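# Structural description and commentary
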Amino acid sequence: MDISGASTVVLQALTQATSQDTAILKPAEEQLKQWETHPGFYSALLNIFTNHTLDINVRWLAVLYFKNGIDRYWRRIAPHALSEEEKSSLRAGLIANFNEPVNQIATQIGVLIAKVARLDCPRNWPELIPTLLESVRVQDDLRQHRALLTFYHVTKTLASKKLVADKKLFQELASGIYSFVCSLWNHHADSFLQQICIGETAAINSLERTLLSLKVLRKLTVHGFMEPHKNLEVMEFLNTVFERLKQFLECRRRINTESTCSEKLEKTIIEKLEKTIILFTKVLLDFLDYHAFSFISLIRQSLEFAVSYTFTNAGEGVVFERFIVQCMNLIKMIVKNDAYKPAKNTEESKPETLEAHKIKIYFFNYSTLTEICRRLVSHYFLLTSEELSMWEDDPEGFAVEEAGGDSYKYSLRPCTEVLFLDIFHEYSQTLTPVLLEMVQNLHGSTNVEDTVGLVIKDAVYNAIGLAAYELFDIVDFDQWFKSQLLAELQITHIRYKLIRRRVIWLIGQWISVKFKSELRPMLYEAILNLMQDQDRVVRIETATTLKLAVDDFEFRTEQFLPYLETIFSLLFQLLQQVTECDTKMHVLHVISCVIERVGMQIRPYVGCLVQYLPLLWKQSEDHNMLRCAILTTLIHLVQGLGADSKNLYQFLLPVIQLSTDVAQPPHVYLLEDGLELWLVTLENSPSITPELLGVFQNMSSLLELSSENVRTCFQIINAYIFLTSTEFLQNFAATLCHSFCELMQDITTEGQVQVLKVVENVLKVNPILGPQMFQPLLPSVLKGILDGERYPVVMSTYLGITGRVLLQNMVFFSSLLNQIALELNQEMDQLLGSLIEMWVERMDNITQPERRKLSALALLSLLPSENSVIQDKFCGIINICVEALHDVLSEDPDTGTYKDCMVISHFEEQKVSEDEEPPTEQDKRKKLLALKDPVHSVSLQQFVYEKLKAQQELVGEQGFQSLMESVDTDIVRQLQEFLQKL
């Protein structure tokens, strides 16, 4: 590309690419894409985005194209890589002037310079860092700011490199520039504090530079030194951080209370001040995370600072929420840090660990811990006026947030709760009496007029719930439940809803910790009453506790059944009443859990839910996560209804169809649950319907995905085979066989076994039609045996498939063997001999008793025979038979006879206990199939006797004796013993 004319044509294309008209935009984008690999294209882009007279959108696009090109074409080994000459020119142009007037473009230029630096600095770009350092010294405000911005992005990128050589280079860079960056940061920080005191607007610029230079220092301090505690400048900077933090916090307080700036200017300064203050705390947190032992000298100062501002009056009017969160994180990281915890045998601990532990013990004395605990509970755990207003105005929003919604995750409350738990766990002996005293002070019900008292009780109960596992042996929760909590749940006054909601939450926290089984009916009674509470938040919280109760390992269905109908009805009412997507999902999960635990007992009560779910599915068209919850509910509903789930097909099958159709965009969210629903629907289906069979059309595309869901796909295929083998195979065997052939080429060994097991099931269910339908797969099975397949699991499956064909479809087996003999240019008898020989040799690969018996039956089916090859392998066949007889025969001590324990004579309905899953329709189908399966219908002992007798009759006594002499005498003795006790 000719550089002189390139800029003009590239500028024209970029201008067109910013058009809103797709007829103009698309050709321009195509043209720019073609130019990406042309020499001179990036030089033209540089000329365009550094020309400040051009349209901002065009320049912005030029920067983006340049930035994306670095990833693709800057490396030497990249296809269409830029020439070294052009790269050298581009590098010089990028740092020629730090005078970009537009902030967003300046940031993008800084990022792209950092991308180049990651690849070229310092070896191929030694002048970058000196140029940046020189530029941050200049008096020109714009140049200085842009150079600092670029310096930060370069430092951030170089610090992120992980190779040892790259880390060493960064450490060399850090030691060379650290002193300068520290003085630069101090200069800008001092300038800001002086300027803000006298109200200069220039203070904003100084604050910007303070922030940028601090960002650079953070990367240098954390990643630039192997042993930072040995560097005086690093430790001096970290100690200065605390003083600066106090100065900036005080500055923020003064601006809030005394500022005469305009509202807009004040807001801008406050925002940047808070960013800088948070960055100070990030420096400490990162340093502690990466250099725990180097941080030891800062532990005491950090704890004093953080505790002072968050748990004493020193922080009043000074701190803000994000800063409190950071302080609490600092305390938490010091408390939990494994590097500061001595081993049980202190002599095995490092001296640094002991020193850190000593500092912690000294700091966290009784009075400090008590103050922290009391302040956390009585100050930070209190529901705020904003939260109480939200409860009134948006109860569902409040309930979702309290349950851990997105906004909750990033708020102060979860941070305080985590800190409380960590400190309580670490210092439980000290803090348990403090917490118990707080509870004791709240004994009995609280006056409904005492709003403050109600909020405090809510906070204390919250603490008791959070610390349940720590208080397991100390609190007699069962007694507390009976003597006080149950009574508080029965106080129906509207203002007491805070306590009703908190108490039922508290019970939920203790259910899996310590809650006697005999108290469950009292709890269910309380849940039933609270599900009718006039407050929606209380009802939602009660539903949550119900889920915890029924999901607990001590749940007993018989205790719950008297309340099932009413509670289920109330849950359904709540599902209809709530309007938020998240709340509906939550209630649906509770309903699903109840259905799952009570199983078939739910059948009389699901009519209304069954009628409502289609409407909810339609309403949730744009809410895929809610649809996932509906799918989960349907899974448990189908399992609970069993064969009666066929009544849901009109709604159920279109849902499965949509959820498992990879051509439909929602499948990304719905596929996993949709497949699970498809599977349980088949397992519980009493018979096939055309619509249920039609859903299988989705399967080919699913198998092509080869995703983590492929195992469920195989289970679905097996379910169809057991449900309706003939109809299913006639409709789908050809496409399925084609899919399997494709899959076998590029899936794991485990995946191949899953495919082969499906084929094995086909042969088991339909031994006549099955081999014909899956004929294309079978030659590779026999060849795999002949080649001595090295994976035992695969070989075992090969032998299982071959055994099925040989035993149940000898005609097809002969034609298959003949086909392979022709392909390999061998005699059919020779091939049969090799097959039997390999079968005998690899019998130990077969671990399942069913397959071992199948092998014996299959090989015995070759008898009687005058074929010399079969007679030659007679010894091996007998060996396998005796091995299998050992596997399947059990001796009756009363009669002294042997019985084949795999033979099933009739099918009995088993009685299912409370804790057992009832058999599905598929379980029943498998048992009926077993009655026809030779493995379970033929006595191996009898079969061996009959086949040997037939062989004897065929070849005569002398010929038979000659065959038996080829067998080891010990094997013959064992065989005779088995046959004598027939």
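Described below are features of the structure shown in this document. These numbers were taken from a predicted model, which means no experiment stands behind them. (Residues numbered from 1 in each chain as written. Predicted model: local features only at pLDDT ≥ 70, side-chain atom pairs only at ≥ 80, totals over all residues. Heavy atoms only, no water.)

When helices and strands are counted, the protein chain shows 48 helices and two strands. Over its C-alpha trace the protein chain gives a radius of gyration of 38 Å, far above what one expects of a compact globule, namely 30 Å for 982 residues. Within the span of the protein chain, comprising 982 residues, buried residues form 53% of the whole. Residue pairs in contact within the protein chain that sit at least 24 positions apart in sequence constitute 74% of those at least 6 positions apart. For the protein chain, the accessible area works out to roughly 45,000 Å², and carbon and sulfur atoms hold 49% of it. For the protein chain, the distance from the average position of its 90 positive side-chain charges to the average position of its 125 negative side-chain charges is 5 Å. (Helix = DSSP H or I, 4+ residues; strand = E, 2+ residues; numbered from the N terminus. Rg over C-alpha atoms; globule rule 2.2 N^0.38 Å. Buried < 20%, exposed > 50% of the residue type's maximum accessible area, 1.4 Å probe, protein only. Contact = heavy atoms within 4.5 Å. Areas by Shrake-Rupley, 256 points an atom, 1.4 Å probe, with all protein chains shown as cover. Lys, Arg positive; Asp, Glu negative; His and termini not counted. Charge placed at Lys NZ, Arg CZ, Asp CG, Glu CD.)

The full count for this structure, using the stated rule, is 42 aromatic pairs. Here the aromatic rings of F49 and F66 are separated by 5.6 Å at their centres, their planes lie at 85°, and the arrangement is edge-to-face. Highlighted residues: F49 in helix α3 (residues 41–49) and F66 in helix α4 (residues 56–73), separated in sequence by 17 residues. Using a relative accessible area of 0% as the deciding quantity, one classes F49 as buried. With a centroid separation of 5.2 Å and an interplanar angle of 70°, the aromatic rings of Y898 and F978 are classed as edge-to-face. Of the two residues, Y898 is situated in strand β2 (residues 898–900) and F978 in helix α48 (residues 969–980); the sequence distance between them amounts to 80 residues. Of the two residues examined, Y898 and F978, each falls in the buried class. One aromatic cluster is present, formed by Y178, W185, F192, F225, F237, F248 and F280 through successive ring pairs. (Phe/Tyr/Trp six-rings, centres within 6.5 Å; stacked < 30°, edge-to-face > 60°.)

Of all hydrophobic cores here, the largest spans 349 residues; its most connected members are F66, F420, W678, I717 and F740. Sort the elements by how many residues they give to this core and helix α35 (residues 710–743) lands first, with 17 residues. Setting aside residues no more than four positions away along its own chain, F740 makes contact with L703, F714, I717, V755, V758, V759, F774 and L777. (Core = buried A, V, L, I, M, F, W, Y, C linked by side-chain atoms within 4.5 Å.)

Taking 1.5 Å per residue, 16 residues should reach 22 Å; helix α14 (residues 321–336) reaches 22 Å between its end C-alpha atoms and fits that length. Every buried residue of α14 is listed here: F323, I324, V325, Q326, C327, M328, N329, L330, I331, I334 and V335. Of the surrounding elements, those touching the buried residues of α14 are α11 (232–258), α12 (263–290), α13 (296–311), α15 (351–363), α16 (366–380) and α20 (412–426). (Expected span 1.5 Å × (residues − 1).)

For N845, the location among the structural elements is in the loop between α41 (828–841) and α42 (849–860). N845 sits in the buried class, given a relative accessible area of 17%. At 2.8 Å, the side chain of N845 and the side chain of R842 are in polar contact. When near neighbours in sequence (up to four residues on either side) are disregarded, N845 contacts P792, M795 and S796. (Polar contact = N/O pair within 3.5 Å; in protein donor to acceptor, adjacent residues only side chain to side chain.)

This next bit is on a positive patch on the surface. Residues R75, R118, K162 and K167 make up a contiguous surface patch of positive charge. Take R118: its relative accessible area is 33%, and that puts it in the partly exposed class. (Patch = residues over 30% accessible without salt bridge, like charges linked within 9 Å, V, L, I, M, F, W, Y side chains within 5 Å. Salt bridge = Lys/Arg side-chain N within 4 Å of Asp/Glu carboxyl O.)

This brings us to the environment of W678. Of note, W678 is situated in helix α32 (residues 667–683). Looking at W678, the relative accessible area reads 0%, which means it is buried. For the pair W678 and T712, spaced 34 residues apart in sequence, the C-alpha to C-alpha distance is 9.5 Å. Discounting chain neighbours no more than four positions away, the residues touching W678 are I656, T660, V695, F696, N698, M699, L702, I716 and Y720. Reaching out from W678, the side chain makes a polar contact with the side chain of Y720 at a distance of 3.0 Å.

Counting along an α-helix, one turn takes 3.6 residues, and residues three or four places apart therefore face a common direction. Along its 18 residues, helix α6 (residues 103–120) runs 25 Å from first to last C-alpha, staying within 8% of the 26 Å computed at 1.5 Å per residue. All buried positions along α6 are accounted for by I105, A106, Q108, I109, G110, L112, I113, A114, V116, A117 and D120. Packed against the buried residues of α6 are α3, α4, α5 (84–94), α7 (128–135) and α8 (141–159).

Applying the stated criterion to the full structure yields 41 salt bridges. A salt bridge links E402 to R501; the nearest nitrogen and oxygen atoms lie 2.8 Å apart. One end of the pair, E402, is in helix α18 (residues 395–402); the other, R501, is in helix α24 (residues 497–510), with 99 residues separating them in the sequence. For the salt bridge of R500 with D533, the shortest nitrogen-to-oxygen distance reads 2.7 Å. Taken together, the residues span a long stretch of sequence, with R500 in helix α24 and D533 in the loop between α25 (520–530) and α26 (536–550) at a distance of 33 residues. Salt bridges linked by common partners bring E387, E402, R413, D458, R501, R502 and E541 together as one network.

We now examine the environment of V710. Tracing the backbone through its elements, the reader meets V710 in helix α35. Given a relative accessible area of 21%, V710 falls into the partly exposed group.

A cluster of acidic side chains, namely D393, D394, E580 and D582, defines a negative patch on the protein surface. With respect to the secondary-structure elements, D394 resides in the loop between α17 (385–393) and α18.

On to the packing of helix α10 (residues 203–223) against α12. Helix-helix packing is described using two parameters, namely the angle between the two axes and the distance between the axes. Running from N to C, α10 and α12 cross one another at 10°; their axes reach a closest spacing of 10 Å. It follows from the interaxial angle that α10 and α12 lie roughly parallel. Across the contact of α10 with α12, the residue classes break down as 13 nonpolar, five polar and seven charged. (Axes fitted to C-alpha atoms, helices over the stretch in contact; angles between N-to-C directions. Parallel < 35°, antiparallel > 145°, perpendicular 65-115°, else oblique. Nonpolar A, V, L, I, M, F, W, Y, C, P; charged D, E, K, R; others polar.)

Geometrically, the link from C121 to P122 is a cis peptide bond, its omega value of 5° lying close to zero. Between L863 and P864 the backbone carries a cis peptide bond, its omega angle lying at -5°. Tracing the backbone through its elements, the reader meets P864 in the loop between α42 and α43 (868–872). A positive phi angle, close to 60°, is found at H80, a residue other than glycine.

This next bit is on the packing of α7 against α8. Close contact between α7 and α8 brings their axes to 8 Å; oriented N to C, the two are set at 145°. α8 is crossed by α7, and the crossing has left-handed handedness. Where α7 approaches α8, its residues L128, I129, L132, L133 and S135 are matched on the opposing element by R143, Q144, A147, T150, F151 and V154. Considered class by class, the residues forming the contact of α7 with α8 number seven nonpolar, three polar and one charged. (Left-handed = near helix turned anticlockwise from the far one by under 90°.)

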